[in-house]
Amino acid sequence: MRVLVVEDEARLAEGLKRGLEAEGFAVDVAADGTDGLWFARENHYAVVLLDIMLPGVSGYTVCRTLRDEGDWTPVLMLTAKSGEWDQVEALDTGADDYLTKPFSFAVLVARVRALIRRGSAPRPAVLEAGDLSLDPATRAVRRGDVPIELTTREFTVLEFLLRRAGQVVSKAEILGGVWDFDFDGDPNIVEVYIRHLRNKVDRPFGRASIETLRGAGYRLAADGG
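Keep in mind the model is a prediction, meaning the values are calculated, not measured.

**Here we look at the overall build of the chain**
Step number 1: Within the chain one finds eight helices and eleven strands.
Step number 2: The principal-axis extent of the C-alpha atoms belonging to the chain is close to 60 × 40 × 30 Å.
Step number 3: Out of the 225 residues belonging to the chain, those deemed buried represent 43%.
Step number 4: Long-range contacts, defined as pairs at least 24 residues apart, comprise 57% of the intrachain contacts of the chain with a sequence gap of at least 6.
Step number 5: Entry remark: accessible area of the chain is about 11,400 Å², with carbon and sulfur atoms responsible for 49%.
Step number 6: In the chain, which carries 28 positive and 36 negative side-chain charges, the distance between the mean positions of the two groups comes to 4 Å.

**Topic: the packing of helix α1 (residues 10-22) against helix α5 (residues 105-118)**
Step number 1: Contact geometry for α1 and α5: axes closest at 11 Å, N-to-C directions at 60 degrees. In this view, α1 runs oblique relative to α5, as classed from their interaxial angle. As for how α1 packs across α5, the hand of that crossing is right-handed. Contacts between α1 and α5 involve L16, G19 and L20 from the former and F105, L108 and V109 from the latter.

**As for the sheet that holds strand β2 (residues 26-30)**
Step number 1: As summarised here, the arrangement of the five strands in space is β2-β1-β3-β4-β5, forming an open sheet in which the pairing is parallel. Every other strand in the sheet has two partners, leaving β2 and β5 (97-100) as the edge strands with one partner each. For this sheet the average axis-to-axis angle between neighbouring strands, irrespective of direction, equals 20 degrees.
Step number 2: Looking at chain direction, strand β1 (residues 2-6) and strand β3 (residues 47-51) are connected through four bridges and run parallel. Of the residues in β3, the one forming a bridge with V3 is V47.
Step number 3: Sheet strands touched by α1: β1, β2, β3 and β4 (75-79). Its angle to β2, the strand with the most contacts, is close to 170 degrees.

**Some words on the packing of aromatic side chains**
Step number 1: Evaluation of the coordinates by the stated rule reveals one aromatic pair.
Step number 2: Arranged with centres 5.4 Å apart and planes meeting at 85 degrees, the rings of W38 and F39 form a pair that is edge-to-face.
Step number 3: Residue W38 is classed as partly exposed on the basis of its relative accessible area of 49%.
Step number 4: We classify F39 as partly exposed; its relative accessible area is 22%.
Step number 5: The ring centre of F155 lies 4.0 Å from the NZ or CZ of R139, which sits over that ring.
Step number 6: The ring of F160 is capped by R164, whose NZ or CZ atom sits 3.7 Å from the centre of that ring.

**A short note on the sheet that holds strand β6 (residues 127-129)**
Step number 1: Spatially, four strands are ordered β6-β7-β8-β9 in an open sheet, and the strand pairing comes out antiparallel. In this open sheet, the two edge strands, each paired with only one partner strand, are β6 and β9 (146-148). For this sheet the average axis-to-axis angle between neighbouring strands, irrespective of direction, equals 20 degrees.
Step number 2: Alignment of strand β8 (residues 140-143) against β9, held across three bridges, turns out to be antiparallel. Paired with R142 across the two strands is P147, which belongs to β9.
Step number 3: Across the sheet, helix α6 (residues 152-162) is in contact with β6, β7 (132-135) and β8; its angle to β7 comes to roughly 115 degrees.

**Looking at the UniProt feature "modified residue: 4-aspartylphosphate" (unreviewed entry) in the chain**
Step number 1: UniProt annotation of "modified residue: 4-aspartylphosphate" (unreviewed entry) refers to D51 when read in the numbering used here.
Step number 2: Assignment of secondary structure puts D51 in strand β3.
Step number 3: Among residues more than four places away in sequence, those in contact with D51 are V6, E7, D8, G59, L78, T79 and K101.

**A look at the side chain of E7**
Step number 1: By secondary structure assignment, the location of E7 is in the loop between β1 and α1.
Step number 2: For E7, a relative accessible area of 2% gives the class buried.
Step number 3: Within the local environment of E7, its side chain forms a polar contact with the backbone nitrogen of E9, the two atoms lying 2.9 Å apart.
Step number 4: Reaching out from E7, the side chain makes a polar contact with the side chain of K101 at a distance of 3.0 Å.

**Quick word on the nonpolar core**
Step number 1: Ranked by internal contacts, the top residues of the largest apolar core, which has 26 residues, are L158, L161 and I174.
Step number 2: Put simply, the parts of the chain that give this core at least two residues each are β6, β7, α6, α7 (171-178), α8 (189-202) and β11 (217-220).
Step number 3: At six residues, α6 tops the list of elements feeding residues into this core.
Step number 4: Discounting residues that sit within four places of it in the chain, I174 has contacts with F160, L161, V169, W179, V190 and Y218.
Step number 5: L4, V6, L66 and A95 belong to the second largest nonpolar core, which has 19 residues in total.

So, how was this worked out
- Residues numbered from 1 in each chain as written.
- Predicted model: local features only at pLDDT ≥ 70, side-chain atom pairs only at ≥ 80, totals over all residues.
- Heavy atoms only, no water.
- Helix = DSSP H or I, 4+ residues; strand = E, 2+ residues; numbered from the N terminus.
- Buried < 20%, exposed > 50% of the residue type's maximum accessible area, 1.4 Å probe, protein only.
- Contact = heavy atoms within 4.5 Å.
- Areas by Shrake-Rupley, 256 points an atom, 1.4 Å probe, with all protein chains shown as cover.
- Lys, Arg positive; Asp, Glu negative; His and termini not counted.
- Charge placed at Lys NZ, Arg CZ, Asp CG, Glu CD.
- Axes fitted to C-alpha atoms, helices over the stretch in contact; angles between N-to-C directions.
- Parallel < 35°, antiparallel > 145°, perpendicular 65-115°, else oblique.
- Left-handed = near helix turned anticlockwise from the far one by under 90°.
- Pairing = 2+ DSSP bridges.
- Phe/Tyr/Trp six-rings, centres within 6.5 Å; stacked < 30°, edge-to-face > 60°.
- Lys NZ or Arg CZ within 6 Å of the ring centre and 35° of its normal.
- UniProt positions renumbered as here; feature names shortened; annotations may be inferred.
- Polar contact = N/O pair within 3.5 Å; in protein donor to acceptor, adjacent residues only side chain to side chain.
- Core = buried A, V, L, I, M, F, W, Y, C linked by side-chain atoms within 4.5 Å.

Structure, rendered in structure tokens:
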């Protein structure tokens, strides 16, 4: 198993290289984002360990670029920044996991092995169904090149449906995923938001992507309708 370490702190990079090699991994090291991106493009890796604050281009940019290019190699972000919004940005750019320095090497190895078990199946940062797209990081929704303004709750319902595009989801599943399983209001609130979404993402474009399956729930067409 080959691992790429993209880290500009020379002592840490060398320590990670020695430790991972002792665990049986083959390790390549890049000291800046530009070289890291080149290594990732030119070789196949089981996991990329990626610092966020890098010379050249940032770890955020490296990760998002790989995802935009269809490279789904698992990425574990490493950073000295501990703010929750830094973690949010790391995950929204397509990273799979996040460790704040200083960290336990044993925990890092365990997370690397967990990511290898998960594999490199596509986990797109931007959700798409045909020409309908939703970017969780920027909270942008579009039909083709046309931006669509949604409320926070409308956005969350659409994201839930897009993550399960082509699948039938029940009203209870939507309530549990978007509100919570302890929601004790009127369950017909789901129908209200489905209607709002149809009025914004379907009808103005002559589409019918959000289907109602009587007695079963809803389905967002995988091709965007």
